[in-house]
Structure formats: structure tokens, C-alpha cells
Amino acid sequence: QLQSKVLILTICAAGIGGTFQYGYNISIINAPTSYIQAFMNETWLERTGVPLESNVILLLWSLTVSAYPLGGLTGALVAGPMAIMLGRKMSLLLNNVFVIIAAVLSGFSRMAKSFEMIMLSRFFTGMNAGVSMNIQPMYLAESAPKKLRGAVALTSASFTALGLVLGQVVGLRELLGGEESWPFLLASNAVPALIQLTALPWFPESPRYLLIDRGDKESCISALQKLRGSSDLGAELEEMLAEQAALKGQRAKNPWELFRNPALRWQVVSIVVLSSAMQLCGNDSMYFYAAYVFQEAGIPQDKIPYVVIGTGSCELITSVTCNMIIDYAGRRPLLLGGYIFMAGWAIVFMVALSQQTQISWMPYLSMACIFAYILSFGIGPAGVTGVLPTEVFDQMSRPAAYMICGSLLWFNLFLVGTAFPFIVKSLAHFCYVPFLVVCVCTALYVGFFLPETKGKSFLEISEEFKKRNFKAQTHAVFYKGPEEIKSTVL
């Protein structure tokens, strides 16, 4: 039982300073919105003697909010080189530096009378989340035994959801969401960072990284023994050595090399489609809508924050459920089911919104839709999307694949965040049409093109993709004509 304990503790140590921070920092910024805007106005008034106009305050606020995804994008781009040069575990540890800088900046922003410090701190917080969203699933999936790989890598999604809920709870007025305490609320993200800095050094580095990237067989075996205990490591080691032999002489790839490599075509298309869909499916916008819909349903204004915690808990419950079933159900059914259900709920939600004023019980239906939508997202897309890059790419392409994935994730988060208010303005009740289209297209892609990766070794998965990538080529083998024509066959 000891080895499973080590694995569980490794997961917790990586998660608490990893993707937990992503969820936590997304949700803590919501509570003090009005206080920070007032603070911006006051500081400007003190500096210049002129108050800010309301649209300038809004602009400054949206810059503060969008500093987070921009930091995330930067973090996703440095994560690849960090994972290769420093290793997975060391990168996660160093990553806490960003959060601690951020916490110091935001914690002292009121004393220093500077709202620019808050913007900067959101950028650094984003960087931390960008790095951990890429490196944590990679570290965990490489450390896990094959039959538990899906469940272990999926804990990243559970930690994100846990962060969301805890951020909502800590942001309540009774705790740190009050007018006096918002600098402490924004600086509270240093706590998980300190927990990780004390806990993670005791656990082993990813055995795959040690063997395949570093060529250090001794350390790899000792890391495996720590993680697996005394159980027979022969088969697992053999598999890793086979992968090492298959990758002999290769160096870690860059993101643009993945796009150019015909042997990786379907893998790249799959992660591009799925990681874009994850942000473009409208799940985060549901949170944006939550407060408005709950208000329409007649929930008193001061009780709304508590109901919103319910929506966060929904995502937490489903991602934990998904954890338990992913290695039985497989990746495809969860993704497919998730997107199909979301498409269905999006239609019901739009109908409910348009009838909101006519029919008395409609607000309750739209409330149910919000919960159902978030549940459908949590059961499949939320978790499985983060596991796939680890499974469909080999050791040398994996960091680059996560860079592509992460960049798309953050860019689309920024895009949806900026565009959604305008979509609502122009489409009113039918603002979910773009998201509906995304859900339907993604479901079709998963249904027709994505192979199942459950319970297969990394080598078996890449063999399966090799067949897909070169399916068209096998017909074109006899023709040795000019290059251009051959490439159109693919």
C-alpha cells in the first residue's frame, strides 16, 4: 500500500501549487471587482486631482483581467523549454517564484497606492498558471502506471475545479471578500505556493524524463521504486527502454517542427481541435451569466455568491467522478458525450433565455441549464483534453505539444473573455449559437477521427496514429513523381 500512498501524495504536492492555482486565481478576482475599480479611481484622483471616467475605469479593469491570460500565454511558451532543461519537478518548484512575486505586488498595492502593481501581479499569476497547466499533467502522466494513467493525469482538472470553489469561498464577504481585505485576498495565492515548495522536493522526478531525456537509468529505477514500491518493475522498465531505443539520437522538438512533420499530422490536428474547443465551448461564459440568471430567478442579490459556489462545486464533483471512470469508460465516450450534451443544453438555454420574461418558471429552467452545462463540461472535455497531449505524443514531442496546447488555451480564453460581452450585445438571447456550433463540430471530430488511447502503452498509441498518418501514403507509394503532387494525396 505504501507505493500508492507515495503516488497519491505526489499528485497532491504537484496539484496544490499547480493547476489548483489556475482555478483559484480565476475566481478570486471576481469578488473584489468593485473595490478595485474604486481603488483605481481614488488613486488617479489623488495623483492628478481629476476622477476617471467610467469607460476609462472599465478599460483599466479589462486590462487588469486580460493581463492574466497574457501571462498564461507567456507561461505556456516558457513551459516547454523549462520542462526539457530543468525537468518536470524542478520546473514546478521554480514556477512558484512567479506567484510569490505576484502576491507581494498585489498585497502591497494599496499601501503603495498603485493599481499598476495589481495589473503586473495578474500577469505573473498568469505565468504561473500557464507553466503549471502544461507541466503538471505531463509530470503526473509520466509518473503514473499505465492502467492508472488517465485517472492520475486527470487530477489536474480536479485541482483546477477545487481551486475555483475555494477561490469562490475565500472571496465571500465574511472571509476575505470585504472592502478592507481585498489586498490579502489577492495575495492569498502565496499559501498554496509555499505548501508546494515544502512538500514537492520530497517526491521523485518523472522516471520517463530521467531515463529518456537524461539517459540516467539508475535514477529512473530508484524513482520507479519510490513510486511503485517493491512490485515487479521489469515490464514497465522494458517498455520505457523500448521507447528510449525508438527515440535514440533524437532531440526534443520545437512546436513548429510538429506542424511540419507528416508523421504527427493527426496528433497535432487532434490537440488543436480539442484544446481550442475547451475554451470556445462557452463553459467559462456560463459563469459570466450565472449571476444574471440567478437574479432573474428571484434569488436575493446578497445570496447569489453562495449559489455561484454551487456551480463551482458542480465542476468539482464531475471532475472527481470523471477521475474514477476514465480508465474504465475510455477517453472517447467521455469527450463525445460531454460535447453532445453541451450542444443540447445550449439549445435549451437559449430557448429559456428568450422566454425568460413571458413564462414564470423559465428562469428556473435556465438555472438548471447552467448547472447541466457545467456538469456536461466537467464529465468529459474539462479533464480528458489535458490528458491527451501526454498520450498521443512521444517523449521528445510532448513538451512542444503542450506548448501548442497551452498557447491555444490561453489565447482562446483571452478571445472569449474579450469577445463575449460583444456577442451578448449583438445576439442577445442567441449568444450561445457560436458555442453550439463549436460543440457540434468537436463532437463530430471526436466521433470520426479520434482513436481510443485507454490502457495502451505510449508506443502502441503512436503506432495507431502512424497508420492514420500514412494511410493515404500507402496508396501513393508506387508513384515517384514530383513532390507537390504526392503531398496533395495526404
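Just so we're clear, the structure is a prediction, and the values are computed from it rather than from any experiment.

Thresholds applied
- Residues numbered from 1 in each chain as written.
- Predicted model: local features only at pLDDT ≥ 70, side-chain atom pairs only at ≥ 80, totals over all residues.
- Heavy atoms only, no water.
- Helix = DSSP H or I, 4+ residues; strand = E, 2+ residues; numbered from the N terminus.
- Expected span 1.5 Å × (residues − 1).
- Buried < 20%, exposed > 50% of the residue type's maximum accessible area, 1.4 Å probe, protein only.
- Phe/Tyr/Trp six-rings, centres within 6.5 Å; stacked < 30°, edge-to-face > 60°.
- Lys NZ or Arg CZ within 6 Å of the ring centre and 35° of its normal.
- Contact = heavy atoms within 4.5 Å.
- Patch = residues over 30% accessible without salt bridge, like charges linked within 9 Å, V, L, I, M, F, W, Y side chains within 5 Å.
- Areas by Shrake-Rupley, 256 points an atom, 1.4 Å probe, with all protein chains shown as cover.
- Salt bridge = Lys/Arg side-chain N within 4 Å of Asp/Glu carboxyl O.
- Core = buried A, V, L, I, M, F, W, Y, C linked by side-chain atoms within 4.5 Å.
- Domains from an automatic or database assignment.
- Axes fitted to C-alpha atoms, helices over the stretch in contact; angles between N-to-C directions.
- Parallel < 35°, antiparallel > 145°, perpendicular 65-115°, else oblique.
- Buried area = accessible area lost by both parts, 1.4 Å probe.
- Polar contact = N/O pair within 3.5 Å; in protein donor to acceptor, adjacent residues only side chain to side chain.
- pLDDT = per-residue confidence, 0-100.

1. Things to note about helix H20 (residues 381-392)
Over its twelve residues, H20 extends 16 Å from the first C-alpha to the last, a length consistent with the 16 Å expected when each residue adds 1.5 Å. With eleven of twelve residues buried, H20 is to be regarded as a mostly interior element. Along H20, the positions that sit buried rather than exposed are Pro381, Ala382, Gly383, Val384, Thr385, Val387, Leu388, Pro389, Thr390, Glu391 and Val392.

2. Some points on the packing of aromatic side chains
Given two aromatic rings, one states the distance between the centres and the angle between the planes to describe the pair. One pass over the full model with this rule turns up eleven aromatic pairs. Aromatic side chains tryptophan 44 and phenylalanine 115 sit 6.5 Å apart centroid to centroid with 50° between the ring planes, which places their arrangement in the tilted category. Of the two residues, tryptophan 44 sits in helix H3 (residues 33-48) while phenylalanine 115 sits in the loop between helix H6 (96-107) and helix H7 (116-143), which places them 71 residues apart along the sequence. By relative accessible area, tryptophan 44 is classed as partly exposed at 30%. On the basis of an interplanar angle of 80° and a centroid distance of 5.4 Å, the ring pair of phenylalanine 349 and tyrosine 432 is categorised as edge-to-face. With a gap of 83 residues between them, phenylalanine 349 in helix H18 (residues 331-354) and tyrosine 432 in the loop between helix H21 (398-427) and helix H22 (433-449) connect regions that are remote in the sequence. Judged by its relative accessible area of 0%, tyrosine 432 is buried. Linked through ring pairs, Phe349, Tyr373, Tyr432 and Phe435 together constitute an aromatic cluster. A cation over an aromatic ring shows up here: arginine 122 above the ring of tyrosine 68, its NZ or CZ 4.6 Å from the ring centre.

3. Side note on the environment of leucine 224
In this structure, leucine 224 sits in helix H12 (residues 217-228). What makes leucine 224 buried here is its relative accessible area of 0%. Considered as a pair, leucine 224 and proline 145 are 79 residues apart in the sequence and their alpha carbons are 9.6 Å apart. Setting aside residues no more than four positions away along its own chain, leucine 224 makes contact with Pro207, Gly229, Leu233, Glu236, Leu237 and Met240.

4. Let's talk about a nonpolar patch on the surface
Taken together, the side chains of Met85, Leu86, Met90, Leu94, Val97 and Ile101 present a nonpolar region at the surface, about 520 Å² in accessible area. Counting only elements with at least two residues in the nonpolar patch, the list comes to helix H5 (88-94) and H6. Mapped onto the elements, leucine 86 comes out in the loop between helix H4 (54-85) and H5. A relative accessible area of 33% means that leucine 86 is categorised as partly exposed.

5. Looking at the nonpolar core
Soluble globular proteins tend to bury their nonpolar side chains together. Ranked by size, the top nonpolar core spans 72 residues in total, and within it Tyr339, Trp410 and Tyr432 carry the most contacts. Taken domain by domain, this core gets at least three of its residues from each of domain 1 (1-203) and domain 2 (255-489). The residues touching tyrosine 339, leaving out its near neighbours within four places in the chain, are Leu274, Ala277, Met278, Cys281, Pro381, Cys439, Thr442 and Ala443. If you look at the next biggest cluster of nonpolar residues, it comprises 47 residues, including Ile16, Ile29, Leu93 and Met138.

6. Things to note about unusual backbone geometry
We note that lysine 113 has phi near 50°; this positive angle belongs to a residue other than glycine. Looking at the secondary structure, you find lysine 113 in the loop between H6 and H7. On the basis of relative accessible area, lysine 113 is assigned to the partly exposed category, the value being 41%.

7. A few points about H6
A rise of 1.5 Å per residue sets the reference length of H6, with its twelve residues, at 16 Å; its end C-alpha atoms lie 16 Å apart and thus fit the reference within 8%. Within the sequence span of H6, burial applies to Asn96, Phe98, Val99, Ala102, Ala103, Leu105 and Ser106. Where H6 is buried, its residues meet helix H2 (19-28), H5, H7, helix H9 (182-187) and helix H10 (190-199).

8. Quick look at the packing of H4 against H21
Angle between the axes and distance between the axes are the two parameters that describe a pair of packed helices. At a closest axis distance of 8 Å, the pairing of H4 and H21 adopts a crossing angle of 180°. On the basis of the axis angle, H4 is roughly antiparallel to H21. Side by side, H4 and H21 meet where Ser66, Tyr68, Pro69, Gly72, Leu73, Ala76, Leu77, Gly80, Pro81 and Ile84 of the first sit next to Pro399, Met403, Gly406, Ser407, Trp410, Phe411, Leu413 and Phe414 of the second.

9. What about the domain arrangement of the protein chain?
What the domain assignment lists for the protein chain is domain 1 (1-203) and domain 2 (255-489). Domain 1 and domain 2 are separated by 23 Å when their C-alpha centres are compared. Taken together, the 41 residues of domain 1 in the interface contact 44 residues of domain 2. Carbon and sulfur atoms make up 68% of the area that domain 1 and domain 2 hide from each other, which totals about 3,300 Å². It is Arg149, Leu154 and Gln168 that lose the most area in domain 1 upon contact with domain 2, and together they represent 18% of the buried surface on that side. Summed over the shared surface of domain 1 and domain 2, the number is two salt bridges. We note a salt bridge from arginine 149 to glutamate 391, for which the minimum N-O separation is 2.9 Å. Counting the contacts that link domain 1 with domain 2 gives ten residue pairs in polar contact (both at pLDDT 80 or more). Counting residues per element, the side of domain 1 that touches domain 2 draws most heavily on helix H8 (residues 149-170), which supplies 14 residues.

10. So, the side chain of glutamate 391
Inspection of the secondary structure puts glutamate 391 in helix H20. A relative accessible area of 1% places glutamate 391 in the buried class.

11. A word on the environment of leucine 436
Tracing the backbone through its elements, the reader meets leucine 436 in helix H22. Residues leucine 436 and asparagine 41, 395 residues apart in the sequence, show an inter-C-alpha distance of 39 Å. Filtering out sequence-adjacent residues up to four positions away, leucine 436 remains in contact with Ala343, Ala346, Ile347 and Met350.

12. A word on the confidence of the model for the protein chain
Put simply, the protein chain has an average pLDDT of 87, and 95% of its residues get 70 or more. Low pLDDT (under 50) marks residues 476-490, which in the prediction has nine contacts with non-local residues, meaning those over four places away or in another chain.

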